[in-house]
Amino acid sequence: MALRVYNTLSGRKEEFVPLEPGKVKMYVCGVTVYDHCHIGHARANVVFDMIYRYLKYAGYDVTYVRNYTDIDDKIINRANRDGIPWHEVSERFIAEFDKDMAALMLELPTHQPKATEHIPEIIAIVQQLIGKGHAYAVEGDVYFRVATFADYLKLSKRNMEEMQAGARVEVDERKENPMDFALWKGAKPGEPAWESPWGPGRPGWHIECSAMSMKFLGETFDIHGGGKDLVFPHHENEIAQSEAANGREFVRYWLHNGFVNINSEKMSKSLGNFFTIKEVLKQYDAEVLRFFLLSAHYRSPIDFCDQNLSEAEAGLERIYKGLAEIDRALAAEQGPGGESGDIGSDLEEKVTGLRERFREAMDDDFNTALAIAGVFDLTRAVNRVAAEHPAAGEKLRELLAGARDAIADIGRVLGIFTSRPAEYLERIKSRKTAGLDISPEEIEVLIAERSAARREKNFKRSDEIRDYLLVRNIELKDSPQGTAWTVK
């Protein structure tokens with residue numbers, strides 16, 4: 001099965017065929033660095049990190065560019081509010097962004113350009129557009145002349161007449177058309193500025209990405225990504241100015257991730273339901289957050305709430321417990337269990353077929369939800385067989401090792417299942433018990449006392465200990481291997 005991706009431009013899934021065989025050029029819009037990153041930034045960046053990883057896994061040589069918008073009205077306003085130079089704001093929040101992405105286990109892109117490092121390239125494109133009649137200067141500003149680009153709104157599929165009517169509400173009399181957008185902004189007193197043929201100023205938001213993407217990837221490249229909120233106006237305007245300047249297709253496949261809702265409402269600072277990545281990681285392990293973000297298809301909206309994060313935490317814990325069971329079985333002395341066909345074909349089929357199921361899911365527009373479902377399916381089969389055969393024989397050990405390797409391969413692509421199972425489970429247990437009125441050490445002492453009571457057939461004391469722990473949100477699970485505990 002060939003890789004198929006949903007192209008926002010065509011509105012359908014298409015077979016992915018890069019311009020150059022075996023190579024992929026991908027650009028993803030980065031952040032405007034004026035504040036800490038929120039959960040919406042986490043989703044977009046985890047999604048395209050996953051796509052980057054999978055393309056490499058599929059054998060492509062990938063050039064991945066993700067930019068920083070390090071000059072913007074929001075940065076200037078933040079600098080004025082804090083009483084510091086604008087570049088201190090951008091440098092601070094570039095560093096904070098990098099910390100957040102490292103915490104979420106993102107791989108570094110091939111290039112991470114800054115807008116302010118590409119002023120000459122930006123000016124050159126603006127001059128090109130003016131020379132071709134696609135842009136005009138007025139009082140130090142330069143605007144793109146939308147009427148000269150026949151395909152305007154082809155990405156967002158919006159209606160031009162309705163858009164123009166809406167734009168007239170706050171019309172700028174200097175524009176020829178209310179839909180025309182800024183390529184270059186003349187400097188206001190006290191603002192940062194760079195020299196240009198139209199006087200001192202700074203670039204508009206949209207032109208930055210055209211200049212940086214074309215510098216590193218060429219005039220036409222394979223994939224442009226970002227959140228669905230960027231389809232209009234940002235990506236629409238990128239297409240217009242880039243194709244008007246170069247006279248050729250700008251991007252072949254446009255990929256957009258879905259929105260993040262908070263408790264079923266759209267995330268918004270004005271609604272007060274705005275969570276930074278740092279705030280979320282104080283409550284949840286970074287791998288849990290990444291697992292949650294990849295448990296839904298990247299184009300679907302996701303609802304960020306405590307219940308859904310707790311379910312993701314429980315799901316990831318189940319997989320890690322399955323991996324821990326594999327490690328236990330492989331570390332134990334080899335026994336006769338699982339020989340002579342008594343394992344059945346189910347586990348063997350799931351182990352040998354997991355990678356193929358993974359490829360099929362990911363080749364269908366990066367369906368991580370289906371890919372993770374395959375891992376759950378295998379984990380259930382592992383737990384069932386391991387319980388039936390505590391001492392694994394040669395055949396079972398071979399299958400368990402194969403399961404461990406397959407899940408590890410998938411984990412490397414998705415950026416999850418990468419911790420040592422025992423370490424992860426201990427980390428989660430410590431995090432969960434941090435707010436309890438009982439320590440892990442006390443729990444273990446009580447479990448040992450309960451085990452002794454059960455051996456002595458003192459079931460009254462055994463039940464008292466179980467009930468005592470349950471009141472403190474500690475649940476016990478007995479198995480042939482001993483008693484495990486979890487936070488309710």
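One structure accompanies this document, and this report is about it. Please read these numbers as outputs of a predicted model, since none were measured by experiment.

Considerations on the pattern of salt bridges
Now for step 1: A full pass over the atoms with the stated rule returns 44 salt bridges.
Now for step 2: Here E243 makes a salt bridge to K154, at a shortest N to O gap of 3.0 Å. Of this pair, E243 sits in helix α7 (residues 231-246) while K154 is found in the loop between β6 (141-144) and α5 (160-167), placing the two residues 89 residues apart along the sequence.
Now for step 3: The class for E243 is buried, based on a relative accessible area of 12%.
Now for step 4: As a salt-bridge pair, D478 and R454 come within 3.2 Å of each other at their nearest N and O atoms. Within this pair, whereas D478 is found in strand β14 (residues 474-479), its partner R454 is found in helix α15 (residues 440-455), the two being separated by 24 residues in sequence.
Now for step 5: You can call R454 partly exposed: its relative accessible area is 36%.
Now for step 6: Salt bridges sharing partners connect three or more residues here, namely D346, K350, R357, D377, R380 and R384.

Considerations on the side chain of R66
Now for step 1: Tracing the sequence through the fold places R66 in strand β4 (residues 61-66).
Now for step 2: Notably, R66 is buried but unbridged: the nearest opposite-charge side chain belongs to D98, and the N-O separation is 5.0 Å.
Now for step 3: Polar side-chain contacts of R66 include one of 2.9 Å to the side chain of Q112.
Now for step 4: When neighbours within four sequence positions are excluded, R66 is seen to be in contact with V28, G30, N45, F97, L106, P109, H111, Q112 and P113.

Topic: the environment of I71
Now for step 1: Within the fold, I71 resides in the loop between β4 and α2 (73-82).
Now for step 2: Through-space distance from the C-alpha of I71 to that of R420 is 42 Å; in sequence the pair is 349 residues apart.
Now for step 3: Once you skip the residues sitting within four places of it in the chain, I71 turns out to touch I76, W86, T116, P192, W194, R202, P203 and E208.

Procedures and definitions
- Residues numbered from 1 in each chain as written.
- Predicted model: local features only at pLDDT ≥ 70, side-chain atom pairs only at ≥ 80, totals over all residues.
- Heavy atoms only, no water.
- Salt bridge = Lys/Arg side-chain N within 4 Å of Asp/Glu carboxyl O.
- Helix = DSSP H or I, 4+ residues; strand = E, 2+ residues; numbered from the N terminus.
- Buried < 20%, exposed > 50% of the residue type's maximum accessible area, 1.4 Å probe, protein only.
- Lys, Arg positive; Asp, Glu negative; His and termini not counted.
- Polar contact = N/O pair within 3.5 Å; in protein donor to acceptor, adjacent residues only side chain to side chain.
- Contact = heavy atoms within 4.5 Å.

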